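Residue-level structural notes
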Amino acid sequence: MTARGLEISPMQIAVRDLVEGYVNDDEDGVFGYGGRLNIRPPYQREFIYGEKEQKAVIHSILNGHPINVIYWTVEDDGSHEMLDGQQRTTSICKFHDGDFEIEVNPHNLGAKGEVLWFHQLPDDLQEKILDYKLMIYLCRGSASMKKAWFKTINTPKKDLRPQELRNTLHHGPFITAARKKFSKTNCAAYNLGRKYLSGSPIRQDYLETALDWISGGDIDRYMKDNQKRPDADELWEYFQNVIEWVQTTFPAYREEMKGLPWGLFYNQFKDSDLDPAALETKISSTMMDEKVTEKAGVYRYVLTGEDDDLYKRAFSKKIKREVYEKQKGLCPRCGEKFDLKEMQADHIKPWSKGGDTVKSNCQMLCRRCNSRKSNK
Ligand SMILES: [Zn+2]
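What counts, and at which threshold
Residues numbered from 1 in each chain as written. Predicted model: local features only at pLDDT ≥ 70, side-chain atom pairs only at ≥ 80, totals over all residues. Heavy atoms only, no water. Helix = DSSP H or I, 4+ residues; strand = E, 2+ residues; numbered from the N terminus. Buried < 20%, exposed > 50% of the residue type's maximum accessible area, 1.4 Å probe, protein only. Contact = heavy atoms within 4.5 Å. Areas by Shrake-Rupley, 256 points an atom, 1.4 Å probe, with all protein chains shown as cover. Lys, Arg positive; Asp, Glu negative; His and termini not counted. Charge placed at Lys NZ, Arg CZ, Asp CG, Glu CD. Phe/Tyr/Trp six-rings, centres within 6.5 Å; stacked < 30°, edge-to-face > 60°. Polar contact = N/O pair within 3.5 Å; in protein donor to acceptor, adjacent residues only side chain to side chain. Core = buried A, V, L, I, M, F, W, Y, C linked by side-chain atoms within 4.5 Å. pLDDT = per-residue confidence, 0-100. Patch = residues over 30% accessible without salt bridge, like charges linked within 9 Å, V, L, I, M, F, W, Y side chains within 5 Å. Salt bridge = Lys/Arg side-chain N within 4 Å of Asp/Glu carboxyl O.

Once that is clear, we can look at the overall build of the protein. For the protein, the helix and strand inventory stands at 16 helices and twelve strands. Across its three principal axes, the protein shows a C-alpha extent of roughly 70 × 50 × 35 Å. Out of the 376 residues belonging to the protein, those deemed buried represent 47%. Sequence separation of at least 24 residues holds for 64% of the intrachain contacts in the protein that already meet a minimum separation of 6. With an accessible surface of roughly 18,700 Å², the protein has 48% of that area assigned to carbon and sulfur atoms. The positive charge centre, built from 57 side chains, and the negative charge centre, built from 57, are 6 Å apart in the protein.

Rendered as structure tokens:
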């Protein structure tokens, strides 16, 4: 079988072979299959399965149910990289390694049981897991073909985020370095900016936001231009400057500051002579104004003088849900799919131009597209 010039051949391996020599190290990476499988190559996502999903994988195996096909590359030296199946693979390895426990009744798999670690399972169940056959598709081809294939198999998934895809397409030393700063749980960017940014580092929201700001919206161009750069120092320094500017300009923190397009404000006003005390006085009095319904709009207002965002009424939860369903979860600007909680309601005809807060004037935009729109 071939796809886009990639040669693909099936292979079955037992779980016991997969978990052999499993290592999971933040710095050195994640390996299995006797060290010959790189489970977390650079274009892969961070591990994002929740506990429930990890346990579901193990229950599928115990019950002999199939789990989806897994894709590996074949590298020139005969080793492998995970193309697709990282979440399932890591769940299996982690369970075998004693990272989490599952509820199981050894005498009746369908019944309520007790909570057991892998090593506490009776021998026959341990063997059942170790003997379980995984279906692997081996993919041979050039790096670019493999990446194109990774995109093909991942794109239909609703949970692949635009920035995760960009990381794949612009894979290289720059993105590897950038992810160390922006894409890990408790990463430096999170610790520095979590009061000012929304989203999750491991879903690449922090990286996407920083790239969006530094590139003035053209993330792909910036990533392409910097792809071969050995570090992400420029991006990291920029990000630190933005946060420092926010903290200096608006020293009194309010929760409405979380999720604002601070980098775009910084780009526009970093050289302006702003008086933090005067700004604070203006913010405080505008915040107290009960006619102001959108308190987060106050920050844009004190910087730009635009009061469009201040008085518009918020769409109800009901309208947001209805419009989200009508859009089938797709952002009409970038065409990507998001969860409802990752999107924001927007007045199609601006409130300031007489647009009403009614369903027919509502569109759900992703955070990024919405912040770009309101910054126009
Ligand atoms: Zn969008």
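After that view, the rundown keeps rolling.
So, on to the packing of aromatic side chains. Tallied over the full model, the rule gives 18 aromatic pairs. Here Trp213 and Phe239 contribute two aromatic rings whose centre-to-centre distance is 6.5 Å and whose plane-to-plane angle is 15 degrees, an arrangement assigned as stacked. Of this pair, Trp213 sits in helix H9 (residues 205-214) while Phe239 sits in helix H11 (residues 233-249), and the two are 26 residues apart along the sequence. When its relative accessible area of 2% is taken as the criterion, Trp213 is described as buried. With a relative accessible area of 0%, Phe239 lands in the buried category. Summarising the aromatic geometry, the rings of Phe250 and Trp262 are spaced 5.5 Å apart at their centres and angled 50 degrees between planes, so their arrangement reads as tilted. Separated by twelve residues along the polypeptide, Phe250 in the loop between H11 and helix H12 (262-269) and Trp262 in helix H12 bring together distant segments of the chain. Considered together, Phe250 and Trp262 belong to a single accessibility category, that of buried residues. An aromatic cluster is present here, built from Tyr238, Trp245, Phe250, Trp262, Phe265, Tyr266 and Tyr299 joined pairwise through their rings.

Turning our eyes to something else, we now look at the environment of Asp212. Here Asp212 is to be found in helix H9. For the pair Asp212 and Gln163, spaced 49 residues apart in sequence, the C-alpha to C-alpha distance is 10 Å. If sequence neighbours within four positions are ignored, Asp212 has contacts with Gly217, Ile219, Arg368, Ser371 and Arg372. Engagement of the side chain of Asp212 in a polar contact is seen with the side chain of Arg368, the distance being 3.2 Å.

Counting residues in each nonpolar core, the largest one holds 42 residues, and the members touching the most others are Phe182, Leu235, Phe239, Trp245, Phe250 and Trp262. Looking at this core, the elements with two or more residues in it are helix H7 (173-182), H9, helix H10 (219-226), H11, H12, helix H13 (276-288) and helix H14 (297-304). Looking at this core, the element that brings in the most residues is H11, giving eight residues. Apart from residues lying up to four places away in sequence, Trp262 is in contact with Tyr196, Trp213, Val242, Trp245, Val246, Phe250, Met257 and Tyr299. Judged by nonpolar contacts, the second largest core, of 34 residues, contains Tyr22, Trp72, Cys93 and Val104.

The next subject is the confidence of the model for the protein. Considering every residue of the protein, the mean pLDDT works out to 87; 92% of them sit at 70 or more. The spread of mean pLDDT over the elements of the protein runs between strand E1 (residues 2-3), the lowest at 46, and H11, the highest at 98.

Considering the arrangement of structural elements, one finds Gln163 in helix H6 (residues 162-169). On the basis of relative accessibility, which here comes to 1%, the residue Gln163 falls in the buried class. Here the side chain of Gln163 touches Arg166 through a polar contact of 2.5 Å, side chain to side chain. With residues near it in sequence (within four places) discarded, Gln163 still touches Gln204, Leu207, Glu208, Leu211, Ile219 and Met223.

Next up on the list: the environment of Gln86. Relative to the helices and strands, Gln86 is located in helix H3 (residues 86-96). Overall, the relative accessible area of 3% leaves Gln86 in the buried class.

As a further point, take a negative patch on the surface. Taken together, the side chains of Asp25, Asp26, Glu27 and Asp28 present a region of like negative charge at the surface. If you trace the backbone, Asp28 turns up in the loop between strand E3 (23-25) and strand E4 (29-32).

The next point concerns the pattern of salt bridges. According to the stated counting rule, one finds 18 salt bridges in the structure shown. The residue Glu280 makes a salt bridge to Arg254 at a minimum N-O spacing of 2.8 Å. You can see Glu280 sitting in helix H13 and its partner Arg254 sitting in the loop between H11 and H12, a full 26 residues away along the chain. For Glu280, a relative accessible area of 26% puts it in the partly exposed group.

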